[in-house]
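Here are the chains, one letter per residue:
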Amino acid sequence: MTFCSERNNLLWPCLSNLDGRRVKRGWVWNQFFVLEEYMGSDPQYVGKLHTDLDKGDSAVKYTLSGEGAGSIFTIDQTTGDIHALRSLDREEKPYYTLRAQAVDINTNRPLEPESEFVIKVQDINDNEPKFLEGPYMASVPEMSPVGTYVTQVTATDADDPTYGNSARVVYSILHGQPYFSVDPKTGVIKTALPNMDREVKEQYQVLIQAKDMGGQLGGLAGTTTVNITLSDVNDNPPRFSKSEVPESSAVGSAVGRIKAHDLDIGRNAEVEYTIVPGDGGAMFDITTNEHNQEGIIILKRPLDYETKKAYTFKVDASNAHLDPRFQNFGAFKDTATVKINVLDVDEPPVFNKPAYVMDVYEDTPAGTIIGAVTAQDLDASSSPVRYSIDWKSDMDSFFDIDPVEGTISTNELLDRESIAQHNISVVATKLNSPVLTSRVAVTVHVLDINEFPPELASPYETFVCENAKMGQVIQTFSAKDQDLPMSGQQFSFKSPREDVKVNKNFTIRDFGNNTAGIVTKRGGFRRRLQEIYFLPVVIEDNGYPPKSSTGTLTIRVCGCESDGSLLTCSAEAIFLPVGLSTGALVAILLCIIILLVIVVLYVGLRRQKKKETLMSSKEDIRDNVIHYDDEGGGEEDTHAFDMGTLRNPKVVKENLYRRDVKPEMKRDPRPLASQDSADIRDFINQRLKEHDVDNSAPPYDSLATYAYEGDGSVAESLSSIGSLAVDLEEDYDYLKDWGPRFKTLAGIFGEQSETQSDSTTTENAH
């Protein structure tokens, strides 16, 4: 039997066990692999079982038994495909041992011996490193040299250490610098600063991180705390106390005591202390303690060791209540000299600014310096200063700082849409006294990248007068930008480089205030020569990176008054005489309209006079009269009321012609009626005579339709519709020569000519 599986899209070797005789094989591979924590919707494909006895005729059935068979793993009995039914956890069970068998599907007789194989759960990185023994406690002697061993931490990762980097752990120190360091591979913690003094600081708390995937991006991490204590060593000799005052003593605090002894008691022993004016007396004041009559020296002004290291002054002690009887014994007071030494206090570094603000554009490459902080030690020792970023203010390590220079740089790409502002804290530490630190807030603004180029603020409608002068500003325009508004946003305008020398008509002048103007380079523009000019303009912003675009301004040449006011820009005005006013143009247009109206009325009257007037007889029901209120074009509707076809089936409908449609071809002669109807001929003749002599015929068009025209009429059809003769008395073709404005009139009266010809033919027939 053959076992085949796929792992990482690679086909692994197969085990061939065809029959009992084939037992010598150079290698054996009987493992399948399935990915743990599989989240797909379909069962996960594991592998395929196949025997060479299977010819593809569905005669072989595959069975599966062992750990998880049926509940976790299933097999297709026909194809031998194995699938995992649910998600598996390698840390819960790393592998499953199963047995496969190929049997005859009809008899269930085994075709091959049962074979055993293993399905191994392939590991993914789903467990973070853990410090099982944390938190840790450790100690190291004070004043130890750099690199002294402190302790070792160990993190355990439950992932498979034999596959990939899921269990490869790297150690780093998050908090505790610059006092201690950790080896990234072994987790050994050592001292990183020399001469750490227990008398200055005894306890230290160090935060250690363990990250899998070799510390690469995407790895999982765990942390632990290491509490380190500096053990004492004999590094201080015995010393007598001195009258010393720290320079950091507050104003108004007691910095020393002095006492004058008086052998009297009670009220007579009360003492008053005063400072004798002189060297150092102005820095201090003295008061008396009423309970023990001590003189308490009070600091009046701040001390500075770097300015003055010692002060010497005298103090007088006298009785508060003198007895005049004993004044001849001498002065009732005593004087003592007081010397106060100022102790140098190791002060933390001082930043040159109370806070820092920095700007950086999004998607700036990692490692780009965005600014720097500066701090200095004001003490006499002037210790070097080291810088670091408080890890609590930058959990994701977006920024890095140079420990010596104080320059801050990006550690990865920043996204303004995710975080628009970062607030980090920079720590300054004195190199010779690491316990003295100072902090400063640094605000980093992530700026939006300039993504959109500027464009013209609106589609400007610009014109230039024909009488414009050279150097005249004819249009002022501005620009807009879709990017976020920035303080001090500036646009610049200019003509394209290739257009500067070619364009002799206009140029662009940048006013420097986000606006620009179109300036003429010559005078004497003429619409007859060119009506429209196109002027390209290049607009550029001051964003990062700078963006630019080219817009086009359309300039139309117009007629203007002498004072520059606009007259007209229409194309028709170009052909009018120069100097005509607006009133004169309006009068000319009115005259043209009146003439057109007169012509239309005249032609309409002539047409009415010549049109045949047909009146219908109201006594005969065979008359079908259709009356129209408008002239021409309406006779086509009479087809709907033609009763001739209904009364005489022999009338051919195809031979009827409408008066409002010009015939396209000559009509064949109408056939003569085949029957003789004298009564109908008499009726028609009577009607014709009545119409010929009727002076009361209506002035509008009328059509008389007769049911039958008679048998064997020599004149053929007596209807005006059938006439093809054309009356040439009036020819309106000259209207076509008047131009496109009279095209409609020419079409109307040209059609009228054809109508009059039909009418003439009918009269001749009568």
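Per an unreviewed UniProt entry, the protein goes by Cadherin-12 and derives from Echeneis naucrates. Its UniProt record gives the protein the following Function (unreviewed entry) comment, quoted word for word: "Cadherins are calcium-dependent cell adhesion proteins."

Colleague: Is there a simple way to explain the packing of aromatic side chains in this structure?
Modeller: When we look at a pair of aromatic rings, we describe it by the centre distance and by the angle of the planes. On inspection of all chains with the given rule, the structure shows 13 aromatic pairs. Between Phe 506 and Phe 525 the ring centres are 5.2 Å apart and the planes differ by 10°, which places this aromatic pair in the stacked class. Of this pair, Phe 506 sits in strand β37 (residues 506-510) while Phe 525 sits in the loop between β38 (515-520) and β39 (532-541); the two residues are 19 residues apart in sequence, bridging distant segments of the chain. For the pair shown, Phe 506 and Phe 525 are each scored as buried.

Colleague: Just checking my understanding: could you explain unusual backbone geometry for this structure?
Modeller: The general pattern is negative phi for most residues beyond glycine and trans for most peptide bonds. Look at the link from Gly 134 to Pro 135: it is a cis peptide, with omega at -5°. Inspection of the secondary structure assignment puts Pro 135 in the loop between β9 (115-122) and β10 (136-141). Between Gln 177 and the following residue, Pro 178, the backbone shows a cis peptide bond with an omega angle of 5°. Backbone geometry places Met 143, a non-glycine residue, at a positive phi of 60°. Overall, the relative accessible area of 33% leaves Met 143 in the partly exposed class.

Colleague: So what exactly am I meant to see when it comes to the pairing of β9 here?
Modeller: Look at any regular strand and the pattern is simple: side chains alternate between the two faces of the sheet. Here β9 lies mainly inside the structure; 6 of its 8 residues are buried. Across 5 bridges, strand β3 (residues 31-35) lies against β9 in parallel orientation. The residue of β9 that forms the bridge with Phe 32 is Ile 119. Pairing geometry for strand β8 (residues 95-104) and β9, over 6 bridges, is antiparallel. Across the sheet, the residue bridging to Tyr 95 is Lys 120, located in β9.

Colleague: Would you explain the nonpolar core in this entry?
Modeller: Generally speaking, a soluble globular protein has its nonpolar side chains buried in company with each other. Tyr 171, Phe 180, Ile 189, Ile 208 and Ile 228 are the most contacted members of the largest nonpolar core, which totals 23 residues. Within the residue set of this core, elements represented by two or more residues are β10, β12 (170-175), β13 (180-182), β15 (203-211) and β16 (221-231). Top contributing element to this core by residue count: β15, with 4 residues. Of all hydrophobic cores here, the second largest spans 22 residues; its members include Tyr 356, Ala 375, Tyr 387 and Leu 414.

Colleague: Would you mind showing me how to read the state of the cysteines here?
Modeller: By definition, a disulfide links the sulfur atoms of two cysteine residues through a covalent bond. According to the stated counting rule, one finds 1 disulfide in the structure shown. A sulfur-sulfur separation of 2.0 Å characterises the disulfide bridge that pairs Cys 465 with Cys 560. Between Cys 465 and Cys 560 the disulfide shows an S-S torsion of about -80°. By sign, it is left-handed. Remark: Cys 560 occurs in strand β40 (residues 548-560) and Cys 465 occurs in strand β34 (residues 462-465); sequence separation between them is 95 residues. Residues Cys 465 and Cys 560 agree in their burial class; the two are buried.

Colleague: Help me understand the sheet that holds strand β14 (residues 188-191) in this model?
Modeller: Adjacent strands of a sheet form backbone hydrogen bonds with each other and so pair up, either parallel or antiparallel. Within the open sheet, the 3 strands sit side by side as β11-β14-β13. Their pairing is antiparallel. Where the open sheet ends on each side, the last strands, each with one partner, are β11 (149-152) and β13. Taken over all neighbouring pairs, the strand axes of this sheet differ in orientation by 25° on average, direction set aside. Two elements, β11 and β14, share 3 bridges in a ladder whose sense is antiparallel.

Colleague: Sorry if this is basic, but what is going on with the pattern of salt bridges here?
Modeller: In a structure, side chains of opposite charge can pair up when their charged atoms sit close to one another. Inspection of the entire model under this criterion finds 10 salt bridges. Across the pair Lys 48 and Asp 81 runs a salt bridge, and its minimum N-O distance is 3.2 Å. On the criterion of sequence distance, the pair formed by Lys 48 in strand β4 (residues 44-50) and Asp 81 in strand β7 (residues 81-84) is long-range, its members being 33 residues apart. With a relative accessible area of 29%, Lys 48 lands in the partly exposed category. A salt bridge links Asp 232 to Arg 198; the shortest N-O distance between them is 3.0 Å.

Colleague: I tried to follow the side chain of Ser 495 on my own but got confused; where do I start?
Modeller: With respect to the secondary-structure elements, Ser 495 resides in the loop between β36 (491-494) and α1 (497-502). If we skip the residues at most four places from it in the chain, Ser 495 touches Val 500, Thr 507, Ile 508, Pro 536 and Val 538.

Colleague: I tried to follow the layout of surface pockets on my own but got confused; where do I start?
Modeller: Think of a ball as big as a water molecule: rolled over the atoms, this probe shows where empty space is left. Considering only enclosed or pocket space, the largest pocket measures out at about 1,300 Å³ in volume. If you go around the largest pocket, you meet 42 residues; those closest to its centre are Ile 173, Leu 174, Gln 177, Ile 389 and Trp 391. Going through the elements one at a time, β12, β15, β16, β28 (385-389), β29 (399-401), β31 (421-430) and β32 (433-447) are the ones with two or more residues in the lining of the largest pocket. Ranked by the residues each element gives to the lining of the largest pocket, the list is headed by β12, at 5 residues. Here the lining of the largest pocket spans two domains, since at least three of its residues come from each of domain 2 (130-231) and domain 4 (350-447).

Colleague: Would you take a moment to explain the environment of Phe 493 for this structure?
Modeller: By the element assignment, Phe 493 lies in strand β36. A C-alpha to C-alpha distance of 4.8 Å links Phe 493 and Ile 539, two positions 46 residues apart in sequence. Aside from chain neighbours lying at most four places away, what touches Phe 493 is Phe 477, Ser 478, Ala 479, Ile 508, Asp 510, Asn 514, Thr 515, Ala 516, Val 537, Val 538 and Ile 539.

Colleague: Can you walk me through the pairing of β15 in this structure?
Modeller: Both β12 and β15 contribute to a ladder of 5 bridges, which runs antiparallel. Of the residues in β15, the one forming a bridge with Ser 172 is Gln 209. In terms of strand pairing, β15 meets β16 through 9 bridges, oriented antiparallel. Its bridge partner lying in β16, Ala 210 is registered against Gly 222.

Parameters at a glance
Residues numbered from 1 in each chain as written. Predicted model: local features only at pLDDT ≥ 70, side-chain atom pairs only at ≥ 80, totals over all residues. Heavy atoms only, no water. UniProt positions renumbered as here; feature names shortened; annotations may be inferred. Phe/Tyr/Trp six-rings, centres within 6.5 Å; stacked < 30°, edge-to-face > 60°. Helix = DSSP H or I, 4+ residues; strand = E, 2+ residues; numbered from the N terminus. Buried < 20%, exposed > 50% of the residue type's maximum accessible area, 1.4 Å probe, protein only. Pairing = 2+ DSSP bridges. Core = buried A, V, L, I, M, F, W, Y, C linked by side-chain atoms within 4.5 Å. Disulfide = S-S within 2.5 Å. Axes fitted to C-alpha atoms, helices over the stretch in contact; angles between N-to-C directions. Salt bridge = Lys/Arg side-chain N within 4 Å of Asp/Glu carboxyl O. Contact = heavy atoms within 4.5 Å. 1 Å grid on protein atoms, 1.4 Å probe; cavity = no way out; pocket = protein on both sides within 12 Å on 5 of 7 lines; lining within 4 Å. Points joined across faces, edges and corners; volume = space filled by probe spheres on them. Domains from an automatic or database assignment.

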